[in-house]
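Structural description and commentary
For reference, the chains in residue letters:
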Amino acid sequence: MGAATKLKETLGDLNKDSFVPLLSKLIGESKYVQNNPPELIPEEDRVVNHVLDVLRPFSTATGGGPLILNHVTYFPGRGNLIVQYPGTVPGKILSFVGCHMDVVTADPNDWEFDPFTLGIEGDKLKGRGTTDCLGHVALVAELMRKLGETKPNLKSTVVAVFIANEENSAISGVGVDALVKDGLLDSLKQGPLFWVDTADKQPCIGTGGMIPWKLHVTGKLFHSGLVHKAINSLELAMEALKEIQLRFYKDFPPHPEEQVYGFATPSTMKPTQWSYPGGGINQVPGECTISGDVRLTPFYNVKDVMNKLQEYVDDINENIQKLETRGPVSKYVLHDENLRGSLTLSFNEAKSGVACDVNSRGFHVLCKATEEVVGQVKPYSITGSLPLIRELQDDGFDVQICGYGIMATYHAQNEYCLFTDMSQGYQVFASIISQLED
């Protein structure tokens, strides 16, 4: 029997009798780890404590096993947990990171079942966090428990990092950003880092950047029957946005690498929200705001795009009289009053996308393990955004992305995962560890 086969036999399959009770405890905490400050600030230590209960008996803390546990907290009640299974060869390492212990919000009134209690319906495991990402927390905790219990002789050190504060960046210095800043993950640069926080069992090799933008438009409010004395902010907003979009798609067209990585869409810039202060139907509104986002494939630079968008707005402001108008008295400049319509562009926090290194050993072993366990490997890319990953890649980590939840239930009502999918995830991880022993 080969060493790899023996190791996979030692690790076995995901133990449903321990996985489901642990997940049940974690989902029971999901109400208290919703992340939407300032109203909802998660208490991730509620999750950490359940994971510690599972792992502590096989740790150096109790003398019951080899697992090294490091509970790292930067904010009271909001801990991270680093778990290490030591290997025999210095510098040979792999890690499973990204399993976060906070969740997005859930309103029980909108769900068909209680989001904060684990529901079991055949293979279905239902509740907030089952897919994103408490299901993965339980999965990786079970993997580390099995390593601590069976004590296989590994060349590689295996590290799991359970993180706080992934779902919202309003508060920083709490989760993986702080761990990296303090150098606590530096050793993970020596081997592949598997970010476990996607879905559908296939390697995710590319994600999009996101630039949230807001375009405030100022015109002049006036009676709609005397429209020649108004500057219609709605018309100005529509024409200005059209011009901005035309320039964006000219400067940031589909990139050749997008086909290589399998992105479903190129970079996009579009409105998603519209607001104005209100008024009568017989009033031409004097101001309005359009908000939206740019979803940017990782082959373009976020700062370059933000600079370009500002250039477009500055140019339109300088030449606002050249914009298309709508009808014989539509205008954006009132010369007799020395008034001009104007645009003001602002941004919220932007994120960069990531293109994983498809030539790395980490990618190759993930693909081989996926094909072996799932039956096929079909890497994919999306212009959805995952926070924190690009920063890790820029810091020198070989980040590969995978996950075993259900994409269709991500951040959705009635979230669930499948035990069989999580079980396959466990087998993929066992295969990765086995392959990297060679």
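Since we're looking at a predicted model, the values are computed, not measured.

**Observations regarding the overall build of the protein chain**
- Of the regular secondary structure elements, the protein chain holds eleven helices and 20 strands.
- Considering only C-alpha atoms, the protein chain reaches an extent of 90 × 45 × 40 Å along its principal axes.
- Counting contacts in the protein chain only where the partners sit at least 6 residues apart, residues at least 24 apart contribute 80% of the total.

**Things to note about helix α11 (residues 419-435)**
- Its 17 residues give α11 an end-to-end C-alpha distance of 24 Å, which sits within 8% of 24 Å, the value for a rise of 1.5 Å per residue.
- Burial runs high along α11: 15 of the 17 residues are buried.

**Looking at the packing of helix α9 (residues 361-374) against α11**
- Put simply, α9 and α11 touch, their axes get as near as 9 Å, and they point 135 degrees apart. The angle between the axes of α9 and α11 places the two elements in the oblique class. As for the relative orientation of α9 and α11, their crossing is right-handed in sense. Contacts between α9 and α11 involve Arg361, Val365, Leu366, Lys368, Ala369, Thr370, Glu372, Val373 and Val374 from the first element and Gln424, Gln427, Val428, Ser431, Ile432 and Gln435 from the second.
- Here the contact of α9 with α11 is composed, by residue class, of seven nonpolar, five polar and three charged.

**Section: the environment of Val365**
- By secondary structure assignment, the location of Val365 is in helix α9.
- For Val365, a relative accessible area of 2% corresponds to the buried category.
- Through-space distance from the C-alpha of Val365 to that of Ile316 is 51 Å; in sequence the pair is 49 residues apart.
- In this structure Val365 touches Phe194, Ile432, Gln435 and Leu436, once residues within four positions along its chain are discounted.

**Re the nonpolar core**
- Among the nonpolar cores identified, the biggest contains 60 residues, and Phe19, Phe96, Met144, Phe162, Phe429 and Ile432 are the most heavily contacted of them.
- Examining the composition of this core, we find that nine residues originate from one element, helix α4 (residues 134-150), more than from any other.
- In contact with Phe162, other than residues within four places in its own chain, are Val51, Asn80, Leu81, Val83, Cys99, Met101, Val137, Val140 and Ala141.
- Residues Val217, Ala237, Cys288 and Ile316 belong to the second largest nonpolar core, which totals 32 residues.

**Let's talk about the pairing of strand β2 (residues 79-85)**
- Burial analysis of β2 places six of its seven residues in the buried class, the great majority of the element.
- Two strands pair when backbone bridges link them, and strand β1 (residues 68-73) and β2 are joined in this way by six bridges, in the antiparallel orientation. Pairing of His71 across the sheet is with Leu81, part of β2.
- The hairpin turn running from β1 into β2, its antiparallel successor, is five residues long, and Gly77 in that turn takes a positive phi close to 80 degrees.
- Sheet topology note: the β2/strand β6 (residues 157-163) ladder contains five bridges and is antiparallel. Among the inter-strand pairings, Gln84 is bridged to a residue of β6, identified as Val159.

**Describing the UniProt feature "domain: Peptidase M20 dimerisation" (unreviewed entry) in the protein chain**
- With numbering matched to this structure, UniProt assigns "domain: Peptidase M20 dimerisation" (unreviewed entry) to residues 205-318.
- Helix and strand shares over residues 205-318 are 37% and 31% respectively, and the end C-alpha atoms of the span are 42 Å apart.

**Let's talk about the packing of aromatic side chains**
- With the rule as written, the count across this model stands at ten aromatic pairs.
- A centroid spacing of 5.8 Å and a plane angle of 55 degrees characterise the contact between Phe19 and Phe419, whose relative ring orientation is tilted. Residue Phe19 is found in helix α2 (residues 16-28), and its partner Phe419 is found in helix α11; the two are separated by 400 residues along the sequence. Here Phe19 matches Phe419 in class, with each residue buried.
- Where Phe252 meets Tyr300, the ring centres are 5.3 Å apart and the plane angle is 90 degrees; that geometry is what we call edge-to-face. One end of the pair, Phe252, is in the loop between α6 (233-251) and α7 (256-261); the other, Tyr300, is in the loop between β13 (287-296) and α8 (302-318), and 48 residues separate them in sequence. As far as burial versus exposure is concerned, Phe252 and Tyr300 are alike and both buried.
- Every member of this aromatic cluster is reached through a ring pair, and the members are Phe96, Phe194, Tyr404 and Phe429.
- We note Arg46 situated over the ring of Tyr32; from NZ or CZ to the ring centre the distance is 3.9 Å.

Reading the values: rules and limits
- Residues numbered from 1 in each chain as written.
- Predicted model: local features only at pLDDT ≥ 70, side-chain atom pairs only at ≥ 80, totals over all residues.
- Heavy atoms only, no water.
- Helix = DSSP H or I, 4+ residues; strand = E, 2+ residues; numbered from the N terminus.
- Contact = heavy atoms within 4.5 Å.
- Expected span 1.5 Å × (residues − 1).
- Buried < 20%, exposed > 50% of the residue type's maximum accessible area, 1.4 Å probe, protein only.
- Axes fitted to C-alpha atoms, helices over the stretch in contact; angles between N-to-C directions.
- Parallel < 35°, antiparallel > 145°, perpendicular 65-115°, else oblique.
- Left-handed = near helix turned anticlockwise from the far one by under 90°.
- Nonpolar A, V, L, I, M, F, W, Y, C, P; charged D, E, K, R; others polar.
- Core = buried A, V, L, I, M, F, W, Y, C linked by side-chain atoms within 4.5 Å.
- Pairing = 2+ DSSP bridges.
- UniProt positions renumbered as here; feature names shortened; annotations may be inferred.
- Phe/Tyr/Trp six-rings, centres within 6.5 Å; stacked < 30°, edge-to-face > 60°.
- Lys NZ or Arg CZ within 6 Å of the ring centre and 35° of its normal.

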